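# Architecture at a glance
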Amino acid sequence: MSVPAQDLAAAAAVLEEGGLVAFPTETVYGLGADAENPAAVARIYEAKGRPSDHPVIVHVAPGADLAHWSDDIPVEAEQLVAAFWPGPLTLIVKRAAHIPDAVSGGQDTVGLRCPSHPVAIELLRTFKGGKGGLAAPSANKFGNVSPTTAQHVRDEFAAELDSGLLGAVLDGGQSDVGIESTIVDLSRLATHGPVLLRPGHISSEQIAAVIGRAPAVADAAAPRASGTLESHYAPHTPVAMQHSDDVSATLNRLLNDGRRVALIHYSDLPPASASVRLAAKPENYAHALYASLRTMDQVGAELILVEAPPTGPEWLGVNDRLRRAAFGSSGILQQFLSV
Ligand code: TXA
Ligand code: MG
């Protein structure tokens, strides 16, 4: 799905004047602002209701000069850029001095990513003639499920579109990958080696194949990325995960008790009050996951029951997002089953 050239030009003009534009990426939709304009970046925090000490990723056009954003680009970064950009990989590197504190969350690093969605690329090539960067977190209110369609963004930011705080939403169809980019921290290579801050479509194995060593997994107790807060990516309805072997019995029991249960599953299971069946392939599952959580959040269920996906390395990103979606509801299933 493409966007008319005049809409892209108008969106770039809004951004150059310090306004906000939501745009599609291959992972999820982003809420963009000029990364070199602190007042513009502050509007992102205002619109999202997000704490201002959380850093945002800077999106750049293909072929962008990374030396503009960092004085210290390690060879590993160049290798990963060559292998995976444009694509769903964010690299954390030491930041250049001129990058606003609002972008780096006051840290000495910056997250850089070149998205592969054609509309994102066109926007980045138009904005400041391709020489700028767009600071863009996922285009959802703080803590909510990330958007994978333009309609999700319009629903979530209806008031901000009305007030003009959000200048435009570019529609690029449904995001292909469906979960946020893989984040690798290369800013402390000498002391920590490469560190995986967030699993995603690009796996540790793929990264290891390019830079010669697998990234360490970040310590969950010391989150440096806001997406690593346990309560992230959650729908409003409580979410509980159940092992494949147990989900059928749990479902029967809850339905017999008169509970309204929404079910997200991938194997053969009896119908619940509402159900979505996802493909048993990680790419397809990830593609539909957030839209499914949103749909199941709107059916008036007391619980979203999720059949836990397989645990292989290719399922890491999906399991990570589901674990976070379920985090705030721990104990709810026990409570339902104990009455
Ligand atoms: O796929 C994606 O990455 C999407 C699309 C829009 O590009 N963006 C996204 O942004 O997921 P956001 O803000 O929702 O999550 C970005 C994550 C946050 O957890 C943030 O803390 C982390 O990246 N991050 C950004 N800059 C960082 C830095 N300098 N150091 C550590 N973490 C950083
Ligand atoms: Mg987010």
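So, how was this worked out
- Along each chain, residues carry numbers from 1 onward, in the same order as the chain's sequence is written.
- To label them, take the chains in the order written and letter them from A, then take the ligands in the order written and number them from 1.
- Only residues with pLDDT of at least 70 get local features here, since the model is predicted, and only at 80 or more are side-chain atom pairs given and counted; chain-wide, interface and lining totals rely on the full set of residues.
- Here a strand is any run of E in DSSP of at least two residues, a helix any run of H or I of at least four, and the numbering for each starts at the N terminus.
- Each radius of gyration is computed over the set of C-alpha atoms, and the globule rule expresses the reference value as 2.2 Å times the number of residues to the power 0.38.
- In this scheme every C-beta is placed from the backbone, and a residue whose C-beta has 20 or more other C-beta atoms within 10 Å is buried, one with 12 or fewer is exposed, and one in between is partly exposed.
- Two residues form a contact once the distance between their C-beta atoms, set from the backbone, is within 7 Å.
- DSSP calls a pair of strands paired once it identifies at least 2 bridges connecting them.
- Either an automatic procedure or a domain database provided the assignment from which the domain bounds are taken.
- Each residue receives one of three labels: charged for Asp, Glu, Lys and Arg, nonpolar for Ala, Val, Leu, Ile, Met, Phe, Trp, Tyr, Cys and Pro, and polar for the others, Gly being one of them.
- UniProt positions are given in the numbering used here, feature names are shortened, and annotations may be inferred rather than shown by experiment.
- Given a helix with a known number of residues, its expected span is that number minus one, times 1.5 Å.
- Nonpolar cores are built from buried Ala, Val, Leu, Ile, Met, Phe, Trp, Tyr and Cys residues. These are joined into a set through C-beta atoms within 7 Å.
- Convention adopted: a line fitted to C-alpha atoms gives each axis, helices being fitted over their contacting stretch, and angles between N-to-C directions are expressed from 0 to 180 degrees.
- Angle categories are assigned with fixed cut-offs, so that under 35 degrees is roughly parallel, over 145 is roughly antiparallel, 65 to 115 is roughly perpendicular, and the rest are oblique.
- Helix crossings fall into two classes, left-handed where the near helix is turned counterclockwise from the far one by less than a right angle and right-handed where it is turned clockwise.

Broken down by element type, the protein carries 13 helices and 14 strands. Scaling as 2.2 N^0.38, a compact globule of 339 residues should have a C-alpha radius of gyration of about 20 Å, and the protein matches this with 20 Å. Seen along its three principal axes, the alpha-carbon backbone of the protein occupies a region of about 60 × 50 × 35 Å. Residues classed as buried in the protein amount to 48% of the 339 residues present. For the protein, long-range pairs separated by at least 24 residues make up 69% of all intrachain contacts whose partners lie at least 6 apart in sequence.

Below, the discussion takes up the pairing of strand S2 (residues 30–34). Extensive coverage of S2 is indicated by the burial of 5 of its 5 residues. Bridging between strand S1 (residues 20–23) and S2 involves 3 bridges; their strand directions are antiparallel. Pairing of Val 21 across the sheet is with Gly 32, part of S2. Once S1 ends, the chain turns through 6 residues before running back antiparallel as S2. Strand direction decides the pairing type here: S2 and strand S6 (residues 134–135), joined by 2 bridges, are antiparallel. Along S6, the bridge assignment pairs Asp 34 with Leu 134.

You can read the domains of the protein as domain 1 (5–228) and domain 2 (239–337). The C-alpha-based centres of domain 1 and domain 2 are spaced at 29 Å. Each partner contributes residues to the interface: domain 1 has 14 residues there, and domain 2 has 15 residues. Looking at the side of domain 1 that touches domain 2, its residues break down into 4 nonpolar, 8 polar and 2 charged.

Looking now at the UniProt feature "domain: YrdC-like" (unreviewed entry) in the protein. Following the UniProt record, one finds the feature "domain: YrdC-like" (unreviewed entry) at residues 5–202. Along residues 5–202 one finds 32% helix and 19% strand; the C-alpha atoms at either end are 31 Å apart.

Attention now moves to helix H12 (residues 316–327). Taking 1.5 Å of rise per residue, the 12 residues of H12 would be expected to cover 16 Å, and the 16 Å separating its terminal C-alpha atoms lies within 8% of that figure. Buried within H12 are the following residues: Gly 317, Val 318, Asp 320, Arg 321, Leu 322, Ala 325 and Ala 326. Looking at the buried side of H12, the elements it contacts are strand S11 (239–242), helix H11 (282–297) and strand S14 (303–307).

Membership of the largest hydrophobic core comes to 61 residues, with the highest contact counts inside it found for Ala 22, Leu 123 and Ala 135. If you tally residues by element for this core, the top one is helix H1 (residues 5–16), at 5 residues. Ala 22 has contacts with Tyr 29, Gly 30, Leu 31, Gly 32, Ala 139, Val 153, Leu 166, Val 169 and Leu 170, leaving out every residue within four places of it along the chain.

To continue, consider the packing of helix H3 (residues 75–84) against helix H9 (residues 204–211). Direction vectors running N to C along H3 and H9 enclose 120°, while the axes themselves pass 9 Å from each other. The angle between H3 and H9 places the two elements in the oblique class. Classified by chirality, the crossing of H9 by H3 is right-handed. Seen from H3, the contacting residues are Glu 76, Gln 79, Leu 80 and Ala 83; seen from H9, they are Ile 207, Val 210 and Ile 211. Its residues assigned to classes, the contact of H3 with H9 shows 5 nonpolar, 1 polar and 1 charged.

Bringing the sheet that holds S2 into the picture now. One open sheet holds the 10 strands; their spatial order is S7-S1-S2-S6-S3-S5-S4-S8-S9-S10, and the pairing between them is mixed. If you trace the sheet from one side to the other, it starts and ends with strand S7 (166–169) and strand S10 (216–217), each paired once. For strand S4 (residues 89–94) and strand S8 (residues 182–185), the ladder comprises 4 bridges, and the chain directions are parallel. Opposite Leu 91, over in S8, you have Val 184 as the bridge partner. Across the sheet, helix H2 (residues 38–48) touches S1, S2, S6 and S7, and the angle it forms with S2 is around 150°.

On the basis of which strands lie adjacent, the open sheet formed by 4 strands has the order S11-S14-S12-S13 and parallel pairing. Two strands bound the open sheet, and with one partner strand each, they are S11 and strand S13 (274–277). If you compare each strand with its neighbour and ignore which way they point, the axes differ by 20° on average. When strand S12 (residues 261–265) meets S13, the two strands line up parallel, connected through 4 bridges.

Buried residues of helix H5 (residues 118–126): Val 119, Ala 120, Glu 122, Leu 123, Leu 124 and Thr 126, and no others. Next to the buried residues of H5 lie H1, S1, strand S3 (57–59) and S6. The first or second residue beyond H5 is Lys 128, which carries a positive phi of 50°.

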